[in-house]
Each structure stands twice: as structure tokens, then as C-alpha cells.
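# Structural description and commentary
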Amino acid sequence: PMMRKSTADLAAAAFCLVIAAMFCAQSSDLEGVSLFYPMGLLGFIIAGGLTLVIMGLYKRRQSEALPDGEAVTLRRVGIICATSAAYAILVELLGFYSASAIFLLGSTMLLHDVGDWKKSALAGCILTVIMCAAVWACFGMLLRVPTPEGLLF
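Predicted model, so just to flag it, every value in this text is computed and none were measured.

Attention now goes to the packing of helix H4 (residues 96–111) against helix H5 (residues 117–142). Running from N to C, H4 and H5 point in directions that differ by 150°, and their axes come no closer than 8 Å. Here H4 lies roughly antiparallel to H5, going by the angle between them. Along this stretch, H4 crosses H5, giving a crossing that reads as right-handed. Where H4 approaches H5, its residues Phe96, Tyr97, Ser100, Ala101, Leu104, Leu105, Thr108 and Met109 are matched on the opposing element by Trp117, Ser120, Ala121, Ala123, Gly124, Cys125, Leu127, Thr128, Met131, Cys132, Val135 and Trp136. Of the residues contributing to the contact of H4 with H5, the split by class is 15 nonpolar, five polar and no charged.

So this is what it looks like as C-alpha cells:
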């Protein structure tokens, strides 16, 4: 089943705002410098969510149907929602880097449209290594901002 682009935008907006609320609740015990990054991230997530609300309402008003080449399936939306919710839980259990590696690799393989699973796995591994290394270098080494810890590290 497919949905209209305006509905997809509004669903993505709601999801962004729910994630922002969850991050806000989790960062309530932070103070001082350690609060700087989470609040900046929250600002971007909220701004993105509000932008999607505006776009969705505008498209709904214009009664824009999906172009043939950009089908938004409920299955993909469900996968994204489920993996994102699992990621939020895994961050608390396993720690940021372990959960991020699992999330990025798994999501890339599930959502990658190439038929060859080996290419999906390779793309997922490359993305995972680059993203985790970039976050570690920027926030861990450069800014010295701690990431959530869990059972693994």
C-alpha cells in the first residue's frame, strides 16, 4: 500500500517530534556544558519536524499525489519507525556506539534497494564505520562530550 506524500510528511513530522520529546526527557539530568549538544540536536530535530508539518499541510492543501517514481510504502515507514524505536531502547542498554553500529548496519541492509545482500552489507559496514568514527572524533575527541553509556561501553 502507498500513501500520499503529504501524509508521509505529516507522519515523519510526528515521529520527529516524538523522538525529540524522548531525547528531551532523557537529557533532563544533564547540566552545564554536557547539555549544550543535546539541546542543539533537539533544536534541529524540532525544526525538522515543524518543517515537515508545514510541508505536509501545504501539500495536503494542494492535493498533491505521489509521483510515480517516489512511492512511499507503509512497510518502509513501519521499518523506519520500528528500527528507530529499537535504537532508542538499545542506546540505554548497550551504549551509544554499540547501538548506533547495530542500528546503522541493520537499517541500511533492511532499507537498501539493491537486490544483492552482499552490496547492502558492504554499504552498511562502510556507513557504520564512517558515521561512528565521525561522531567519536567530533564529539568524543574534539568536543569531549560524553555519549550515553551502556553494558558494553
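And the narrative resumes.
In this section: the nonpolar core. Residues Tyr87, Val91, Phe96, Tyr97, Ala99, Val135, Phe139 and Val145 constitute the largest nonpolar core, which totals eight residues. Put simply, the parts of the chain that give this core at least two residues each are helix H3 (74–94), H4 and H5. For this core, the leading source of residues is H4, giving three residues. Apart from the residues lying within four places of it in its own chain, the contact partners of Val135 are Phe96, Tyr97 and Gly140.

This next bit is on the environment of Leu10. Examined against the element boundaries, Leu10 turns out to sit in helix H1 (residues 5–26). It is 6.3 Å that separates the C-alpha atoms of Leu10 and Leu52, two residues lying 42 residues apart in sequence.

Judged by side-chain polarity, Leu17, Ile46 and Leu50 come together as a nonpolar surface patch covering roughly 230 Å² of accessible area. Among the structural elements, Leu17 can be located in helix H1.

Turning next to H4. For H4, with 16 residues, the first-to-last C-alpha span of 21 Å sits near the 22 Å given by 1.5 Å per residue. Residues Phe96, Tyr97, Ser98, Ala99, Ser100, Leu104, Ser107, Thr108 and Leu111 constitute the buried set of H4. Among the structural elements, H3 and H5 are those in contact with the buried residues of H4.

Bringing helix H2 (residues 36–62) into the picture now. Over its 27 residues, H2 extends 39 Å from the first C-alpha to the last, a length consistent with the 39 Å expected when each residue adds 1.5 Å. Within H2, burial applies to Pro38, Leu42, Ile45, Gly49, Leu52, Gly56 and Lys59. Contacts from the buried residues of H2 go to H1.

Summed over all chains, the structure comprises one salt bridge. Note that Asp9 is salt-bridged to Lys59, the shortest N-O span being 3.0 Å. Separated by 50 residues along the polypeptide, Asp9 in helix H1 and Lys59 in helix H2 bring together distant segments of the chain. Judged by relative accessible area, Lys59 falls into the buried class, the value being 16%.

So, about the side chain of Thr108. Relative to the helices and strands, Thr108 resides in helix H4. Take Thr108: its relative accessible area is 14%, and that puts it in the buried class. A polar side-chain atom of Thr108 sits 2.7 Å from the main-chain carbonyl oxygen of Leu104. Every residue in contact with Thr108, bar those within four places of it in the chain, is listed here: Ser120, Ala123, Gly124 and Leu127.

Orientation of H3 relative to H4, taken along the N-to-C sense of each, is 165°, at an axis distance of 8 Å. Between H3 and H4, the crossing angle belongs to the class labelled roughly antiparallel. The two elements H3 and H4 cross, and the hand of that crossing is right-handed. Touching Arg76, Ile79, Ile80, Thr83, Ser84, Tyr87, Leu90, Val91 and Leu94 of H3 are Phe96, Ser98, Ala99, Ser100, Ile102, Phe103, Ser107, Leu110 and Leu111, all from H4.

Definitions and cut-offs
- Residues numbered from 1 in each chain as written.
- Predicted model: local features only at pLDDT ≥ 70, side-chain atom pairs only at ≥ 80, totals over all residues.
- Heavy atoms only, no water.
- Axes fitted to C-alpha atoms, helices over the stretch in contact; angles between N-to-C directions.
- Helix = DSSP H or I, 4+ residues; strand = E, 2+ residues; numbered from the N terminus.
- Parallel < 35°, antiparallel > 145°, perpendicular 65-115°, else oblique.
- Left-handed = near helix turned anticlockwise from the far one by under 90°.
- Contact = heavy atoms within 4.5 Å.
- Nonpolar A, V, L, I, M, F, W, Y, C, P; charged D, E, K, R; others polar.
- Core = buried A, V, L, I, M, F, W, Y, C linked by side-chain atoms within 4.5 Å.
- Buried < 20%, exposed > 50% of the residue type's maximum accessible area, 1.4 Å probe, protein only.
- Patch = residues over 30% accessible without salt bridge, like charges linked within 9 Å, V, L, I, M, F, W, Y side chains within 5 Å.
- Areas by Shrake-Rupley, 256 points an atom, 1.4 Å probe, with all protein chains shown as cover.
- Salt bridge = Lys/Arg side-chain N within 4 Å of Asp/Glu carboxyl O.
- Expected span 1.5 Å × (residues − 1).
- Polar contact = N/O pair within 3.5 Å; in protein donor to acceptor, adjacent residues only side chain to side chain.

All quantities given are derived from atomic positions and should not be read as evidence of function.
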